[in-house]
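# Structural overview
So the chains spell out like this:
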Amino acid sequence: MIETWIEITLNIVIAFFLLSGTFFILSSSIGIVRFPDVYTRLHAATKASTLGIAGLLIGAFLFMYAEHGIASGKLLLAILFTLLTAPVSGHMISRAAHRNGVKPVLKNRTDEYERTIQQHMEKQK
């Protein structure tokens, strides 16, 4: 079976999305295990896994469209909702952790959010 250049290019694009998605999910899982505190772990869990899931879903969408001629709306909605909800949930979880007293590892950096909260509390008095 002789493939055309378009089919070869499309297969390369599909493989790129699937492999990049797998790479981001793998790096996310390594980051969750290796990072020192809640905030850096949340960063790994939300940023890298969002890109990984999006890459896998885009690859699956392109495969379904190229091989079977199916434009899956469910895959597009899953991509959209993942890109919208995962970063927001990570932000809310980190904000709740900070308000409950979980301090970040302050190696070579400062806690800007703590200063902002203190300034806000002083203005309210």
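The shown structure was predicted, so the numbers you read here are calculated from the model rather than taken from an experiment.

Conventions used here
- Residues numbered from 1 in each chain as written.
- Predicted model: local features only at pLDDT ≥ 70, side-chain atom pairs only at ≥ 80, totals over all residues.
- Heavy atoms only, no water.
- Axes fitted to C-alpha atoms, helices over the stretch in contact; angles between N-to-C directions.
- Helix = DSSP H or I, 4+ residues; strand = E, 2+ residues; numbered from the N terminus.
- Parallel < 35°, antiparallel > 145°, perpendicular 65-115°, else oblique.
- Left-handed = near helix turned anticlockwise from the far one by under 90°.
- Nonpolar A, V, L, I, M, F, W, Y, C, P; charged D, E, K, R; others polar.
- Expected span 1.5 Å × (residues − 1).
- Buried < 20%, exposed > 50% of the residue type's maximum accessible area, 1.4 Å probe, protein only.
- Contact = heavy atoms within 4.5 Å.
- pLDDT = per-residue confidence, 0-100.

## Focus on the packing of helix α1 (residues 5-34) against helix α2 (residues 38-68)
Packing of α1 against α2 brings their axes to within 7 Å, and their N-to-C directions diverge by 160°. By the angle class used here, α1 and α2 are roughly antiparallel. In this structure, the crossing between α1 and α2 has a hand that is left-handed. Broken down by class, the residue content of the contact of α1 with α2 amounts to 20 nonpolar, ten polar and two charged.

## Observations concerning α1
Between its terminal C-alpha atoms α1 stretches 43 Å, which fits the 44 Å expected from 30 residues at 1.5 Å a residue. Taken together, the buried positions of α1 are Ile 14, Ser 20, Gly 21, Ser 28 and Gly 31. Looking at the packing, one finds that the buried side of α1 touches α2.

## Re the confidence of the model for the chain
Of the residues in the chain, 98% reach a pLDDT of 70 or more, and the chain-wide mean stands at 89. Mean pLDDT values over the elements of the chain span from 82, in helix α4 (residues 112-124), up to 94, in α1.

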